[in-house]
Amino acid sequence: MSETLLQAAKEAAGNAHAPYSRFAVGAAVLLADGSIVTGCNFENASYGLSLCAETVVLATLNAQGKLRQIREIAIVGGTLNRREIRGSSPVRPCGRCRQVMTEAAQLALRDIIVHCASADLSVVEKFWLSDLLPLPFGPSDMGLVQDD
Ligand code: THU
């Protein structure tokens, strides 16, 4: 399943709108029912408004009413070179994305697995979200986790 999830993230990276950084990222979320939802980075001419792939896929999950079904997320990316996405370093989520993922994880009442991979999938790292963002502030601190 990890292989399928990584492939889905890699394919999504192919749709990245990243003409400014030339760095394409895809993210794929595995849901409790085994289905997969994908997203990619969406940059903006006003650079600071750019959205990371992870944030895009989580906003899509929210729009589909499936935030609580999140189980795992895979992130794949690298440098755009013509149409190719290249690189052998794994893409690890930025701080903002770790916080956004924590929102979904706490609502799902579980820790989630984060797979971080290079564009060529030669390097894949696997983390618990709680290790990437320890001691978070989240919806559980706002009393929103149990009966909402
Ligand atoms: N980016 C992501 O989409 N996810 C990450 O985990 C790291 C960075 C994007 C943001 C920006 O469009 C480009 O990669 C370069 O930072």
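Please refer to the structure placed before this passage.
Definitions and limits used
- Residues numbered from 1 in each chain as written.
- Predicted model: local features only at pLDDT ≥ 70, side-chain atom pairs only at ≥ 80, totals over all residues.
- Heavy atoms only, no water.
- Helix = DSSP H or I, 4+ residues; strand = E, 2+ residues; numbered from the N terminus.
- Rg over C-alpha atoms; globule rule 2.2 N^0.38 Å.
- Buried < 20%, exposed > 50% of the residue type's maximum accessible area, 1.4 Å probe, protein only.
- Contact = heavy atoms within 4.5 Å.
- Areas by Shrake-Rupley, 256 points an atom, 1.4 Å probe, with all protein chains shown as cover.
- Lys, Arg positive; Asp, Glu negative; His and termini not counted.
- Charge placed at Lys NZ, Arg CZ, Asp CG, Glu CD.
- Pairing = 2+ DSSP bridges.
- 1 Å grid on protein atoms, 1.4 Å probe; cavity = no way out; pocket = protein on both sides within 12 Å on 5 of 7 lines; lining within 4 Å.
- Points joined across faces, edges and corners; volume = space filled by probe spheres on them.
- Nonpolar A, V, L, I, M, F, W, Y, C, P; charged D, E, K, R; others polar.
- Salt bridge = Lys/Arg side-chain N within 4 Å of Asp/Glu carboxyl O.
- Expected span 1.5 Å × (residues − 1).
- Near = heavy atom within 4 Å.
- Polar contact = N/O pair within 3.5 Å; in protein donor to acceptor, adjacent residues only side chain to side chain.
- Sits in = over half its atoms within 2 Å of the grid points.

Chemist: Report on the overall build of the protein chain, specifying residues and quantitative values.
Modeler: The number of helices and strands found in the protein chain is four helices and six strands. Ordered by position from the N terminus, the helices and strands of the protein chain form the series α-β-β-α-β-β-α-β-β-α. Taking 148 residues into account, the globule formula puts the C-alpha radius of gyration at 15 Å, and the protein chain, at 15 Å, falls close to it. Counting only C-alpha atoms and orienting by the principal axes, one finds that the protein chain spans roughly 50 × 35 × 30 Å. Looking at the protein chain residue by residue over its 148 residues, the buried ones come to 44%. Nonlocal contacts in the protein chain, meaning residues at least 24 apart in sequence, comprise 65% of its contacts between residues at least 6 apart. Surface accessibility of the protein chain: about 7,900 Å² in total, with carbon and sulfur atoms responsible for 51%. Charged side chains of the protein chain number 13 positive and 15 negative; the gap between the two group centres comes to 7 Å.

Chemist: Account for the pairing of strand S2 (residues 36-40), with residues named and values stated.
Modeler: Working note: regular strand, side chains alternate between the two faces of the sheet. One ladder, built from five bridges, connects strand S1 (residues 23-31) with S2; its direction is antiparallel. Bridge pairing links alanine 28 to threonine 38 in S2.

Chemist: Help me get a handle on the pairing of strand S5 (residues 113-118), residues and values and all.
Modeler: Along S5, six of the six residues are buried, which leaves the element largely enclosed by surrounding structure. Where burial is concerned, the two faces of S5 agree: the one with Ile113, His115 and Ala117 and the one with Val114, Cys116 and Ser118 are both buried. Looking at chain direction, strand S3 (residues 70-81) and S5 are connected through six bridges and run parallel. Its bridge partner lying in S5, isoleucine 73 is registered against valine 114. In the sheet, S5 pairs with strand S6 (residues 124-128) via five bridges, with the strands oriented antiparallel.

Chemist: A description of the layout of surface pockets should follow, citing residues and the corresponding values.
Modeler: Size it by volume and the largest pocket reaches roughly 190 Å³. Among the elements of the structure, S1 and helix H2 (53-63) are those that each provide at least two residues to the lining of the largest pocket. Considered class by class, the residues forming the lining of the largest pocket number eight nonpolar, three polar and three charged.

Chemist: With reference to specific residues and values, describe the pattern of salt bridges.
Modeler: One pass over the full model with this rule turns up two salt bridges. In this structure, glutamate 84 and arginine 86 form a salt bridge, with 4.0 Å as the shortest nitrogen-oxygen distance. Overall, glutamate 84 belongs to the partly exposed group, its relative accessible area being 47%. Classification of arginine 86 by relative accessible area gives partly exposed; the value is 43%.

Chemist: Go over helix H3 (residues 95-107), please, and point to the residues and values.
Modeler: Taking 1.5 Å per residue as the helical rise, H3 with its 13 residues ought to reach 18 Å, and the 19 Å between its terminal C-alpha atoms agrees with that figure. Listed as buried for H3 are Cys97, Arg98, Met101, Thr102, Ala104, Ala105, Gln106 and Leu107. Of the residues flanking the end of H3, it is leucine 109, one or two places downstream, whose phi is positive at about 60 degrees.

Chemist: Which residues make up the site of the ligand, and what values do they have?
Modeler: Contacts to the ligand come from Ser21, Phe23, Val25, Asn41, Glu43, Cys52, Ala53, Glu54, Val91, Arg92, Pro93 and Cys94. Between alanine 53 and the ligand, the recorded distance is 2.8 Å, taken from a backbone N or O atom to an oxygen atom. Between the ligand and glutamate 54 there is a distance of 2.6 Å, counted from an oxygen atom to a side-chain nitrogen or oxygen. For the ligand, whose free accessible area comes to 370 Å², the fraction covered by protein is 77%. With respect to the pocket detection grid, the ligand is positioned in the largest pocket. Secondary-structure elements contributing two or more residues to the shell around the ligand are S1 and H2.

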